[in-house]
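Inside the fold
Here are the chains, one letter per residue:
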Amino acid sequence: MKVRIKEWNAVSIWHWNVSEDEVCGICRVHFDGTCPSCKYPGDDCPIIIGKCNHSFHMHCLLKWLELETSRGLCPMCRQPFQTLGEDEVITT
Amino acid sequence: MKQQQAKAAGEGASTAAKKVTAAQLRVQKDLTELSLPPTMHTHFADPEDIMNFQVFLQPDEGFYVGAHITFEFAINLNFPHEPPKVKCLNKIYHPNIDLQGNVCLNILREDWKPVLSLNSVMIGLQYLFLEPNAGDPLNKEAAMDLQKSRATFAAHVKNSMRGGYVGPEKFDDVLRR
């Protein structure tokens, strides 16, 4: 049987490189969803991973770090929050 | 995954229409995940307003066994970046609660962090009643009392809970509802 392809649509999916059932500890929304102030997931609402290995929506974390009361500490482990450098990100 | 993303985006859109704030979303999540011991209950005076409610505590052991303590929770729009504001509505004799009802609990003040939930705050409150902390007092007299002698402190607490006096202060009767 010969089949002639008239048209085709490419579909792709993506998700952040974190455990699938992990949520942002600040807003409690799944990482593949957005922080509460964004509408669409993706590069506009990235996640941020600390040297302590705790991750958050970037917007959620920045809002926390802006506050004086945060003293620059990770909301999870209270160590000074430092972003994991790009070369240090372990990709799987 | 895509479905989840679409759902998340959809949620974002519908909440924007209803103007549900980030704080309300997070409070809603915390409330659904609440798992309180049988000694604690929440009460929503206005079911439409999830940002203001009361928490009832009846300790089943410790100095305050048998008391009915009521706390008022007021959550502002900066939640979870700012802690909920918690006040004790009863005038009680407690080292970490002053006569105006202000509560001194580390996670409600300097140790607050946004990953803490309303559940952790409520459990923290219960802990204050099981193990009052004389090291970090708001009511200095009560703290000194506890430090000097647990037995005298216990007697004073018992008397205060019946609506009696400790020193010049008269306290609320919290044994009856």
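Looking at an unreviewed UniProt entry, one finds chain B named NEDD8-conjugating enzyme UBC12 and attributed to Nadsonia fulvescens var. elongata DSM 6958. Among the UniProt annotations of chain B, the heading Pathway (unreviewed entry) holds the following wording: "Protein modification; protein neddylation." The heading Catalytic activity (unreviewed entry) in the UniProt record of chain B holds the text "[E1 NEDD8-activating enzyme]-S-[NEDD8 protein]-yl-L-cysteine + [E2 NEDD8-conjugating enzyme]-L-cysteine = [E1 NEDD8-activating enzyme]-L-cysteine + [E2 NEDD8-conjugating enzyme]-S-[NEDD8-protein]-yl-L-cysteine."

With an unreviewed UniProt entry as reference, chain A is termed Anaphase-promoting complex subunit 11, source organism Nadsonia fulvescens var. elongata DSM 6958. The annotation that UniProt attaches to chain A under Pathway (unreviewed entry) is "Protein modification; protein ubiquitination." Under the heading Subcellular location (unreviewed entry), UniProt records this for chain A: "Nucleus".

The UniProt record marks residues 35–78 of chain A with the feature "domain: RING-type" (unreviewed entry), using the residue numbering of this structure. Across residues 35–78 of chain A, the secondary structure splits into 20% helix and 14% strand, with the terminal C-alpha atoms separated by 21 Å.

As a further point, take the pattern of salt bridges. When charged atoms on two side chains of opposite charge get close, those side chains can pair. All names here are of chain B. As enumerated under the stated definition, the model contains 4 salt bridges over all chains in all. In this structure, D30 engages R26 in a salt bridge whose closest nitrogen and oxygen atoms are separated by 2.9 Å. Of this pair, D30 and R26 both sit in helix α2 (residues 22–32), separated by 4 residues, roughly a single helical turn. Residue D30 is classed as buried on the basis of its relative accessible area of 3%. Take R26: its relative accessible area is 1%, and that puts it in the buried class.

Each partner contributes to the interface: chain B provides 22 residues, whereas chain A provides 26 residues. With both chains or domains summed, chain B and chain A bury close to 2,100 Å², and 60% of this area falls on carbon and sulfur atoms. Remark: the boundary between chain B and chain A carries 1 salt bridge. Here D30 of chain B ties to R28 of chain A by a salt bridge, and the two come within 3.2 Å at their closest N and O atoms. Connecting chain B to chain A are 6 residue pairs in polar contact (both at pLDDT 80 or more). Contributions of two or more residues to the side of chain B that touches chain A are made by α1 (2–18) and α2 of chain B. Among the elements that take part in the side of chain B that touches chain A, α1 of chain B stands out by supplying 6 residues, more than any other. Taken together, the residues of the side of chain B that touches chain A break down into 10 nonpolar, 5 polar and 7 charged.

Scoring rules and cut-offs
Residues numbered from 1 in each chain as written. Chains lettered and ligands numbered in written order. Predicted model: local features only at pLDDT ≥ 70, side-chain atom pairs only at ≥ 80, totals over all residues. Heavy atoms only, no water. UniProt positions renumbered as here; feature names shortened; annotations may be inferred. Helix = DSSP H or I, 4+ residues; strand = E, 2+ residues; numbered from the N terminus. Salt bridge = Lys/Arg side-chain N within 4 Å of Asp/Glu carboxyl O. Buried < 20%, exposed > 50% of the residue type's maximum accessible area, 1.4 Å probe, protein only. Contact = heavy atoms within 4.5 Å. Buried area = accessible area lost by both parts, 1.4 Å probe. Polar contact = N/O pair within 3.5 Å; in protein donor to acceptor, adjacent residues only side chain to side chain. Nonpolar A, V, L, I, M, F, W, Y, C, P; charged D, E, K, R; others polar.

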